[in-house]
Amino acid sequence: MIKKITLLLTLLIILASASFGISKRSTYTNLTRQSDALNHALVAELPENLVQNATDIMFDSLPDTPIIVRVTAAGIYTPYYGGGQQKAIVQEVYQGKNIHVGQTIQIATFRWCCIVEDSPSNSSSKTLYAEMSFVNRMQKGNDYLVFLDKKIDAFQTSDCIYMLADSNYLISPVFSYDEHQNISIPVADDGNTYVNYLSVKDNEFFACTKKALSAMIKLKHTMIKLYPAKH
């Protein structure tokens, strides 16, 4: 219970900060539409003091997620106001109803968003913040273990959209079936945990220390073992 309360408070702080940023400066510019936009973005790393509680909760509750699937990323991430989505093809269904192998779906979440703000040092330039919940974007053609909450009825679209089951977690519940070389960049002197995405673009996870990365990788390996690729 204490862990859940702590995580809830942390999530509320993060969401409040994100809401403030959006209300302050949420206007999308051509910056977010550029093919290399992420290379100019800042991304947050997970601090070590938060990772243990965050992963402990996921160890306990991820197997109870309504829909658990292996997918192949079939498109690039598409941002929209306050969130984003990505196309994927279902390869295996470990848990869940009314979702089947071969189905093309859109995986959506309000936690994958891009925020454009005035740069602190120069109000005439912009800074792009890519919020990813400490997990890198799915790469087209690669397979991922994904935990989904529910299918939603989309307005004026025929897309089959499923919401990512991430509302109760700090870490996005998306795990690559491939192994990745992860690096950590220490927290800046001012406590800022944002780093240049280009410096960590090959990572699967974003964390401030090697110990934090190890905890996230352990969570991934445990889930992959529970839901292995069968073919």
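Preceding this paragraph is the structure being described.
Basis of the calculations
- Residues numbered from 1 in each chain as written.
- Predicted model: local features only at pLDDT ≥ 70, side-chain atom pairs only at ≥ 80, totals over all residues.
- Heavy atoms only, no water.
- Helix = DSSP H or I, 4+ residues; strand = E, 2+ residues; numbered from the N terminus.
- Buried < 20%, exposed > 50% of the residue type's maximum accessible area, 1.4 Å probe, protein only.
- Contact = heavy atoms within 4.5 Å.
- Areas by Shrake-Rupley, 256 points an atom, 1.4 Å probe, with all protein chains shown as cover.
- Phe/Tyr/Trp six-rings, centres within 6.5 Å; stacked < 30°, edge-to-face > 60°.
- Polar contact = N/O pair within 3.5 Å; in protein donor to acceptor, adjacent residues only side chain to side chain.
- Axes fitted to C-alpha atoms, helices over the stretch in contact; angles between N-to-C directions.
- Parallel < 35°, antiparallel > 145°, perpendicular 65-115°, else oblique.
- Nonpolar A, V, L, I, M, F, W, Y, C, P; charged D, E, K, R; others polar.
- Expected span 1.5 Å × (residues − 1).
- Salt bridge = Lys/Arg side-chain N within 4 Å of Asp/Glu carboxyl O.

Trainee: In this structure, what is going on with the overall build of the protein? I would like to understand it.
Mentor: Helix and strand counts for the protein stand at 4 helices and 11 strands. For the protein, the residues scored as buried account for 47% of the 231 residues in total. The long-range fraction of contacts in the protein, counting pairs at least 24 apart against all pairs at least 6 apart in sequence, stands at 69%. Split by element, the accessible area of the protein, about 12,200 Å² in all, is 54% carbon and sulfur.

Trainee: Can you walk me through the side chain of Ser133 in this structure?
Mentor: Here Ser133 shows up in the loop between strand E7 (122-131) and strand E8 (143-152). Ser133 gets classed as buried once you look at its relative accessible area, which sits at 9%. Residues contacting Ser133, with those up to four places away along its chain left out, are Arg111, Leu170, Ile171 and Ser172.

Trainee: Would you take a moment to explain the packing of aromatic side chains for this structure?
Mentor: Geometrically, a pair of aromatic rings is defined through the distance of the ring centres and the angle of the planes. Inspection of every chain in the model, using the stated rule, returns 7 aromatic pairs. Measuring from ring centre to ring centre gives 6.4 Å for Tyr77 and Trp112, while their planes differ by 70°; the resulting arrangement is edge-to-face. Here Trp112 lies in the loop between strand E5 (104-109) and strand E6 (113-119) and Tyr77 lies in the loop between strand E2 (67-73) and strand E3 (78-80), a separation of 35 residues in the sequence. Exposure remark for Tyr77: the relative accessible area of 12% places this residue in the buried category. Judged by centre distance (6.0 Å) and plane angle (80°), the rings of Phe147 and Tyr227 are edge-to-face. Of this pair, Phe147 sits in strand E8 while Tyr227 sits in the segment after helix H4 (210-226), placing them 80 residues apart in sequence. Residue Phe147 shares its accessibility class with Tyr227, and that shared class is buried.

Trainee: Is there a simple way to think about the side chain of Arg111 in this case?
Mentor: Within the secondary structure layout, Arg111 lies in the loop between E5 and E6. A polar atom in the side chain of Arg111 sits 2.6 Å from the backbone oxygen of Asp166. For Arg111, the side chain forms a polar contact with the main-chain oxygen of Leu170, separated by 3.2 Å.

Trainee: What's the story with the packing of helix H2 (residues 48-61) against H4 in this structure? I'm lost.
Mentor: Helix-helix packing is characterised by the crossing angle of the two axes and by the distance between the axes. As a packed pair, H2 and H4 sit with axes 9 Å apart at the nearest point and diverge in direction by 10°. Classified by the angle between their axes, H2 and H4 sit roughly parallel to one another. The residues of H4 that touch H2, namely those facing Glu48, Val51, Thr55, Met58 and Phe59, are Lys211, Ala212, Ala215, Met216, Lys218, Leu219, Thr222 and Met223. Taken together, the residues of the contact of H2 with H4 break down into 8 nonpolar, 2 polar and 3 charged.

Trainee: I keep staring at H4 and nothing clicks. Help me out?
Mentor: In this model, H4 (17 residues) spans 24 Å end to end at C-alpha, consistent with the 24 Å of a helix rising 1.5 Å per residue. Along H4, the positions that sit buried rather than exposed are Ala212, Leu213, Ala215, Met216, Leu219, Lys220, Met223 and Ile224.

Trainee: Looking at this model, I keep getting lost on the pattern of salt bridges. Mind explaining?
Mentor: As a working rule, side chains carrying opposite charge can pair if their charged atoms are close by. Taken as a whole and assessed by the stated rule, the structure comprises 4 salt bridges. Arg70 is the partner of Glu92 in a salt bridge, and the nearest nitrogen-oxygen pair spans 2.9 Å. Here the residue Glu92 occupies a position in strand E4 (residues 83-95), and Arg70 occupies one in strand E2, the gap between them amounting to 22 residues. A residue is classified by how much of its surface remains accessible, and Glu92, at 5% relative accessible area, is buried. The closest approach of N and O atoms between Arg70 and Asp143, which form a salt bridge, is 2.4 Å.

Trainee: Please clarify how unusual backbone geometry should be interpreted in this entry.
Mentor: Most peptide bonds are trans, and most residues other than glycine sit at a negative phi. Residues other than glycine seldom take positive phi values, yet Ser133 does so here, at roughly 55°. Phi at Phe134 is positive, roughly 70°, even though this residue is not glycine. Inspection of the secondary structure assignment puts Phe134 in the loop between E7 and E8. Given a relative accessible area of 12%, Phe134 falls into the buried group.

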